[in-house]
Number of protein chains: 2
Amino acid sequence: MKELPLWQEVQADLQEVEAELLRQVDAPDPVLSQAARHLVQAGGKRLRPAFAILAAKCCGAPLERVLPLAVALEMIHMATLVHDDVIDASPVRRGRPTVWARWGQELSLHTGDYLFARSLLLVATYDDPRIPSILASTSVKMVQGELYQLAGAFDLEVTLRDYLKRIYRKTALLIAASCQLGAIAAGAGEDFIRHLYHYGRNLGMAFQITDDVLDMVADPERLGKPIGSDLRQGVITLPAIYALRCSPKKQKLVCLLAKRDKTATEILEVIDLIKDCGGIDYALGLAERYLARARQQAIFLPEGQARDTLMGLTYFVRTRGI
Amino acid sequence: MKELPLWQEVQADLQEVEAELLRQVDAPDPVLSQAARHLVQAGGKRLRPAFAILAAKCCGAPLERVLPLAVALEMIHMATLVHDDVIDASPVRRGRPTVWARWGQELSLHTGDYLFARSLLLVATYDDPRIPSILASTSVKMVQGELYQLAGAFDLEVTLRDYLKRIYRKTALLIAASCQLGAIAAGAGEDFIRHLYHYGRNLGMAFQITDDVLDMVADPERLGKPIGSDLRQGVITLPAIYALRCSPKKQKLVCLLAKRDKTATEILEVIDLIKDCGGIDYALGLAERYLARARQQAIFLPEGQARDTLMGLTYFVRTRGI
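Residues numbered from 1 in each chain as written. Chains lettered and ligands numbered in written order. Predicted model: local features only at pLDDT ≥ 70, side-chain atom pairs only at ≥ 80, totals over all residues. Heavy atoms only, no water.

1. What to know about the overall build of chain A
The number of helices and strands found in chain A is 15 helices and two strands. Relative to its length of 322 residues, chain A is compact, with a C-alpha radius of gyration of 20 Å against a globular reference of 20 Å. Here the C-alpha coordinates of chain A stretch approximately 55 × 50 × 30 Å along the principal axes. Counting across all 322 residues of chain A, residues that qualify as buried make up 60%. Accessible surface, chain A as shown: approximately 12700 Å² in total, 51% of it carbon and sulfur. (Helix = DSSP H or I, 4+ residues; strand = E, 2+ residues; numbered from the N terminus. Rg over C-alpha atoms; globule rule 2.2 N^0.38 Å. Buried < 20%, exposed > 50% of the residue type's maximum accessible area, 1.4 Å probe, protein only. Areas by Shrake-Rupley, 256 points an atom, 1.4 Å probe, with all protein chains shown as cover.)

Structural data, given as structure tokens:
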């Protein structure tokens, strides 16, 4: 999404986020600093800071007001990624070796804890008690989301409802909180805070659904990892849930999905079965519905460039990378 | 320490802490709930809640005022223990299987993250912004302390200064914060807050030093684990640092301490060398000095039963379990 022109609205701001992130992750311990810097430099879309900044700008606040929050949000996101890499034993993320692969389990675990604690220290600079409170409750729910994913691995009985609940906690919640907290940091009224929360929630849902689709259909080079990693880990996402219900070759699909060590050929076979019965189209259709709902929320925001960007972004989530 | 009569002052309060802890760790996910409950029921001295409660009472506040904080402090402590067990691959803690041994790495990691986030949610109920801020900065420094320990493993060049810095972050800091935050929650003035912080800091230092001594000389049954676990993990504690400087059999000690896989006999041999040159007595002497400093701080606190208990506790830290 970095390439799209709309995103340029926040490019300069995101550079400040980047500089502040590097300052924040600096630690007295050289190895910890190095690992945290590696994480920052591995890049990422900085979606959460961008949404917090756009939300704040939309409500009339300057960058300074929202910068600590924006950085804290990205640090919380990075903390979850580094712990996820320990759990998944992922050697590579975004085409670079993970902290886990390079520095091992202990340091990854501590780096995650460190980033999380640092982020809370950073938001403690705000007077508004809602900010740490929302961040803490968001984090609690995000962990619960991780556990749903763990418990649901290789569970072919997983329902659409389970899936939506899981991706809400895993992804949509922190994006929703980013928008909501951006508005709170800007001193916005209850209405704008609520509309921004629901904008972020709906956009976040669409974002994760398309992410799950990309895991099946993207160009591996652009994805930064081989396709089918969810299938390999037994994570049953929306296209698979749809196919399990609607594929004419359900039996074959069940056998392949339940298999613990799928070969590369089997992964491609599963993806073909999912594509053939319309699982990808169904998922993208649902993502589109969430994006339409996000737009309905954006209508109520104060007019201006920030709102136009928030609105515009909803048109790009669906098509990125496909 | 639970047995000592002074502790009875807070027994009824600690029972409320226990009940609230069980309520707090309850989660929608049954496995997470189970693991967290297992952690709570594994017990522990509940030192941090006890200090927070005593500090608050000392400053004239009722239990209700400090209860959420007391529970949050124990949850942060539990979060660090459960992550430590992942890192150390510890099968047993306090004589019971660890969460790591029973539910595996993923769940242990998530349980730690969950407890930490829940604790921050709990302290968000306080209006005073110093409370989340101090807890966040304490957590940041505690992680740094863990990293010092990691970096210093099997490092025989470790100095007294390194050791004191490490145990301050590992243990004394959270006990100091417990006392300090108890006073803040009670609405105490700056002076009392400061005296309670320094009381906790000094007592915490003495507590960790005696803990490190106990790891060499305690009855394994009372300790709940075999003795010499620090030596086995290459953690060089105060008695060893002293012995490395003063033992007449320094060469032998260096060889044994540096050895990665020590046999049970070698562990006992190291402990004997340390005892023989007075390493245990030296460590206990230093602990005594910290306790004397803690008492000097307690003198300035408001008179009453809570202060008497805080004062009394300093006399029992040194002798527990030996």
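2. Some thoughts on the pattern of salt bridges
With the rule as written, the count across this model stands at 22 salt bridges over all chains. The salt bridge partner of D13 of chain B is K57 of chain B, with a shortest N-O separation of 2.7 Å. With D13 of chain B in helix 1 (residues 11-24) and K57 of chain B in helix 3 (residues 47-58), this pair connects stretches of sequence that are 44 residues apart. Taking the relative accessible area as the measure of exposure, D13 of chain B reaches 9% and is therefore buried. For the salt bridge of D128 of chain B with R130 of chain B, the shortest nitrogen-to-oxygen distance reads 2.7 Å. Beyond isolated ion pairs, a larger network of salt bridges with shared partners links E18, R46 and E74 of chain A. (Salt bridge = Lys/Arg side-chain N within 4 Å of Asp/Glu carboxyl O.)

3. Topic: the packing of aromatic side chains
Enumeration over the complete set of coordinates arrives at five aromatic pairs over all chains. Ring geometry for F116 of chain A and F116 of chain B: centres 5.3 Å apart, planes at 80°, overall edge-to-face. Of this pair, F116 of chain A sits in helix 5 (residues 99-123) while F116 of chain B is found in helix 5 (residues 99-123), placing the two residues in two different chains. Residue F116 of chain A shares its accessibility class with F116 of chain B, and that shared class is buried. For the pair Y242 of chain B and Y282 of chain B, a centre-to-centre distance of 4.4 Å together with 20° between the ring planes defines the contact as stacked. (Phe/Tyr/Trp six-rings, centres within 6.5 Å; stacked < 30°, edge-to-face > 60°.)

4. Considering helix 6 (residues 130-152) of chain A
Helix length check: helix 6 of chain A (23 residues) gives 32 Å between terminal C-alpha atoms against 33 Å at 1.5 Å per residue, within 8%. Positioned one or two residues after helix 6 of chain A, F154 of chain A has a phi angle of 60°, which is positive. (Expected span 1.5 Å × (residues − 1).)

5. So, the side chain of T314 of chain A
Residue and element names in this part refer to chain A. Take T314: it is sitting in the segment after helix 15 (305-313). On the accessibility criterion, T314 (0% relative accessible area) is buried. Among the polar contacts made by the side chain of T314, one reaches the side chain of R295 at a distance of 2.8 Å. Leaving out residues up to four positions away in the same chain, T314 has contacts with Y199, L203, L291, A294 and R295. (Polar contact = N/O pair within 3.5 Å; in protein donor to acceptor, adjacent residues only side chain to side chain. Contact = heavy atoms within 4.5 Å.)

6. Let's talk about the interface of chain A and chain B
Across the contact, 31 residues belong to chain A and 31 residues belong to chain B. Between chain A and chain B, roughly 3200 Å² of surface is buried when both sides are summed, and carbon and sulfur atoms account for 78% of that area. Ranking the residues of chain A by area buried against chain B places I87, H110 and L147 of chain A at the top, with a combined share of 18%. Linking chain A with chain B are three residue pairs in polar contact (both at pLDDT 80 or more), by the criterion used here. Those elements giving two or more residues to the side of chain A that touches chain B turn out to be helix 4 (63-88), helix 5 and helix 6 of chain A. If one sorts the elements of the side of chain A that touches chain B by residue count, helix 5 of chain A sits on top with twelve residues. (Buried area = accessible area lost by both parts, 1.4 Å probe.)

7. Side note on helix 12 (residues 250-258) of chain A
All names here are of chain A. For helix 12, every residue scored as buried is listed here: L253, L256 and L257. The buried side chains of helix 12 occupy one side of the element, clustering within an arc of 95° when seen end-on. Facing away from the buried side of helix 12 by more than 90 degrees, the exposed set consists of Q251 and C255. Among the structural elements, helix 10 (229-233), helix 11 (238-246) and helix 13 (264-276) are those in contact with the buried residues of helix 12. (Arc of directions from axis to C-beta.)

8. Re the packing of helix 6 of chain A against helix 5 of chain B
With their axes 8 Å apart at the nearest point, helix 6 of chain A and helix 5 of chain B run at an angle of 160° to one another. Classed by the angle they form, the pair helix 6 of chain A and helix 5 of chain B counts as roughly antiparallel. Considering how the two elements wind past one another, helix 6 of chain A and helix 5 of chain B form a crossing that is left-handed. Contacts from S133, A136, S137, S139, V140, V143, Q144, E146, L147 and L150 of chain A of helix 6 of chain A reach helix 5 of chain B at E106, L107, H110, D113, Y114, A117, R118, L120 and L121 of chain B. For the contact of helix 6 of chain A with helix 5 of chain B, the residue count by class is ten nonpolar, five polar and four charged. (Axes fitted to C-alpha atoms, helices over the stretch in contact; angles between N-to-C directions. Parallel < 35°, antiparallel > 145°, perpendicular 65-115°, else oblique. Left-handed = near helix turned anticlockwise from the far one by under 90°. Nonpolar A, V, L, I, M, F, W, Y, C, P; charged D, E, K, R; others polar.)

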